[in-house]
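Here is what each chain is made of, one letter per residue.
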Amino acid sequence: MSQPAKIKNALISVYYKDNLEPIIQELKRLGINIYSTGGTETFIKNLGVEVIPVEDLTSYPSILGGRVKTLHPKIFGGILNRRGNEVDQQQLTEYEIPEIDLVIVDLYPFEETVKSGAAEADIIEKIDIGGISLIRAAAKNFQDVLLLASKNDYPELKNILKTQNGETTLEQRRHFAKKGFHVSSHYDTAIFDYFNQEEPEDIFKQSIEQAQTLRYGENPHQKGVFYGELDHLFDKLGGKELSYNNLVDVDAAVALIDEFDETTVAILKHTNACGIASKNSILQSWTDALACDAVSAFGGVIIANGEIDGATATEISKLFFEVLIAPSYSEEAVSILTSKKNRIILRRKPTELPVKLFKTLLNGVIEQEKDSVIEGPAQMQTVTQKQPTEQELKDLFFANKIVKHTKSNTIVLAKNSILVASGVGQTSRVDALKQALAKAESFGFEVQGSVMASDAFFPFNDCVEIAADAGITAVVQPGGSIKDQDSIQMADQKNIVMVTTGVRHFKH
C-alpha cells in the first residue's frame, strides 16, 4: 500500500547548507510552507523565499545561546500527531499546531570536532539535542511524515518533489525513517565512544557508515561486505576491486611491514610471509624476498616500505601477483605496473590504524588489544653459556618480527635479514620446525648459520636438538615453560645461543 501523503508544511534546520537551494526552490514551486530557525532561516531568506521563523510558531525565542530552539510542543506536536487519530487532530486545533509533513534536519559535526583535537568544551557543544530529537520524532511518525536526515539524500528528495508533485508514499517515508535511525544511532555511538575513552567500560559498540559490497566472501558461495573507508588508507593506482581474501592478506601485510624500519619487502600468501628481506635497496630486498619461496609467491600480496622504482617494478612484473602496496612509486614504475589491468596497485597513505581488534565468535563478539609489542636485542635475555654475536642478535630481532605475524604454531628461520623458511600453522612446534627445515632444503637454502624464532615456549627440548643438529646457531623464544631448563641445557650441550623475551606471540 502506497498511502500517499501530501506535503503542506516543512521544517528545515540544518548545519550544512550546501546543495540545499534546489530543495528550497522545489518547495517554493509547490507552495509548501517552510518553517526554519537560525542560520537556516537566514539562508532561505537570502534566496528570496518566504520562510516562517520557528519563533513565530512557538512564541518563544531561541535561548541559552541557541541550545534550545525547536524543543517545543508546537514543533513536536506538529511532527508526532497521527493524522488518522481524532483526539490528536482535536488537540492540534485546540492548540493551533500545524501539521509538519516534511522534516529536513542534520546534526552538529561531533565526530569532526573530536578529530580536530578541539577542547572538550567545544566538543560538548557539538552534541546535538534538538536535531537528534527531530530525527527520532519524524522517523517514528513515518506513517505521515517524511524525514531527511542527511545532505547526501537531497538529490533523492528533489526527484520526489519534482516528479510526485509534493506527495510521498509510505514506502518512501519508511525508507527515509530507517536512514534517520541509522544517523541517530551512529551519532550516539560516536558520543559514547568519546566518553568511554578514559576508564572504558566493557561495552561493545561499533558503527561504520561506509560499506563496500565485495564480489564475494572467502569463497564464491559466501556474500562479503567491507565496512570502512579504504580511501583513507590507500590510493588505488590500478587494477580490479579488492576481494575479501585480498583484504585479509593486505591487512596482514600492513601489520607485518610496520614492524620494520629498514628497507624491506615482504610477500604474503594466506596472511603468512612466504618471503621477506631487509636490504640496502628496494630492488635487492625484492630479489632476496622472492628467492625465499618463488613458488608460494605466485598470486601473492607484495608490500614494501620504500618507493618502487622502475628497475624494481620491472622485476616484480615478471611475477603474477594479486596486490602490490608501497608508500610511493616512480612514474616509470606506475607505467610498468599498470600495464596489466587486473593487478591491484595501492599507494599507502599515512593513516592511524585501530588499536583494538574484534571478530564474531559463537553467539557474540570477542575483542582484544592489538599486539603492539615487539622485543629487540635490548629485551632479549641470554640464558645460555654462549653469547650471541651482533649479527645473530640482528637476525634474531628480524626473525622475531616475522614469527609474531605468522600463524601458530610457527617456527621461523632467518639469516642475514632474509627469511630462510618457516613452518606455519602446525599442531605441534616440532612439526613446524620440520616443515621449515624441509622447505629450506627444497629451495636450496643453507641452514647452517641461521637463527630460529618460536612464537611460544618449548615444552620439550626436542626442537632445540633438531635445530642445532641442522646447523642453527641461535634461538629466540618467550620462555615460561616449566621445562625451560631442559631446553637451555640442550642448547648448552649443543653449544648454541638461546635468548628469551618473556613475551609470547600466538596468532590464530
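Structure shown above.
A few points on the structure. (Residues numbered from 1 in each chain as written. Predicted model: local features only at pLDDT ≥ 70, side-chain atom pairs only at ≥ 80, totals over all residues. Heavy atoms only, no water.)

**Description of the sheet that holds strand β5 (residues 102-105)**
Strand pairing in a sheet takes place through backbone hydrogen bonds and is either antiparallel or parallel in direction. Heads up, the condition is: Whether two strands pair comes down to DSSP finding at least two bridges between them. Helix and strand definitions follow DSSP, with helices as H or I runs of at least four residues and strands as E runs of at least two, each counted in order from the N terminus.
The 5 strands are arranged β4-β3-β2-β5-β6 in an open sheet whose pairing can be described as parallel. Taken across any chain shown, the strands that pair with only one partner, and hence form the sheet edges, are β4 (52-53) and β6 (146-148). The pairing of strand β2 (residues 9-13) with β5 spans 4 bridges and is parallel. What sits directly across from S13, in β5, is V105.

**What to know about the nonpolar core**
Nonpolar side chains in soluble globular proteins generally cluster together in the buried interior. The line we're drawing: As used in this record, nonpolar core signifies buried Ala, Val, Leu, Ile, Met, Phe, Trp, Tyr and Cys residues forming a set joined through side-chain atoms within 4.5 Å. Under the scheme applied here, a residue whose accessible area is under 20% of the maximum for its type counts as buried, over 50% as exposed, and between as partly exposed, the area being computed with a 1.4 Å probe on protein chains only. Residue contacts are counted whenever heavy atoms from the two residues lie within 4.5 Å of one another.
Residues I302, I308 and L337 are the most contacted members of the largest nonpolar core, which totals 61 residues. Counting residues per element, this core draws most heavily on helix α11 (residues 244-257), which supplies 7 residues. If we ignore the near neighbours within four places in the chain, the residues touching I302 are V265, A266, I267, W286, I316, L319, F321, V323, L324 and I325. Membership of the second largest hydrophobic core comes to 31 residues, among which are I75, F76, I135 and V183.

**Some points on a negative patch on the surface**
Rules: Each patch is assembled from residues with relative accessible area greater than 30% and no salt bridge, linking like charges that lie within 9 Å and nonpolar side chains (Val, Leu, Ile, Met, Phe, Trp, Tyr) that lie within 5 Å. Using a 1.4 Å probe, accessible areas were evaluated by the Shrake-Rupley method; residue-level cover was limited to the displayed protein chains. Any carboxyl oxygen of Asp or Glu within 4 Å of a side-chain nitrogen of Lys or Arg constitutes a salt bridge here. The charge count treats Lys and Arg as positive and Asp and Glu as negative. His and the chain ends do not count. For charged residues, the charge sits on one atom: NZ in Lys, CZ in Arg, CG in Asp, CD in Glu.
Taken together, E111, E112, D193, E209, E229 and D231 make up a surface patch of like negative charges. Assignment of secondary structure puts E229 in the loop between β9 (225-227) and β10 (234-238). Residue classification places E229 among the partly exposed positions, given a relative accessible area of 36%.

**Observations regarding the packing of helix α4 (residues 73-80) against helix α8 (residues 130-140)**
Put simply, the test is: Interaxial angles span 0 to 180 degrees and are taken between N-to-C directions of axes, which are lines fitted to C-alpha atoms, for helices over the stretch in contact. We call two directions roughly parallel when the angle between them is under 35 degrees, roughly antiparallel when it is over 145, roughly perpendicular when it lies between 65 and 115, and oblique otherwise. Three residue categories are used. Nonpolar comprises Ala, Val, Leu, Ile, Met, Phe, Trp, Tyr, Cys and Pro, charged comprises Asp, Glu, Lys and Arg, and polar comprises the others, including Gly.
In contact at an axis separation of 8 Å, α4 and α8 are set at 30 degrees when each is read in the N-to-C sense. Considering their axes alone, α4 and α8 lie roughly parallel with respect to each other. In this structure, α4 contributes I75, F76, I79 and L80 to the contact, and α8 contributes S133, L134, A137, A138 and K140. For the contact of α4 with α8, a count of residues per class yields 7 nonpolar, 1 polar and 1 charged.

**A short note on the pattern of salt bridges**
Within the structure shown, the criterion is met by 22 salt bridges. The closest approach of N and O atoms between K8 and D101, which form a salt bridge, is 3.5 Å. Of the two residues, K8 is situated in the loop between β1 (5-6) and β2 and D101 in the loop between α5 (86-95) and β5; the sequence distance between them amounts to 93 residues. Residue classification places D101 among the buried positions, given a relative accessible area of 3%. E322 is the partner of K240 in a salt bridge, and the nearest nitrogen-oxygen pair spans 3.8 Å.

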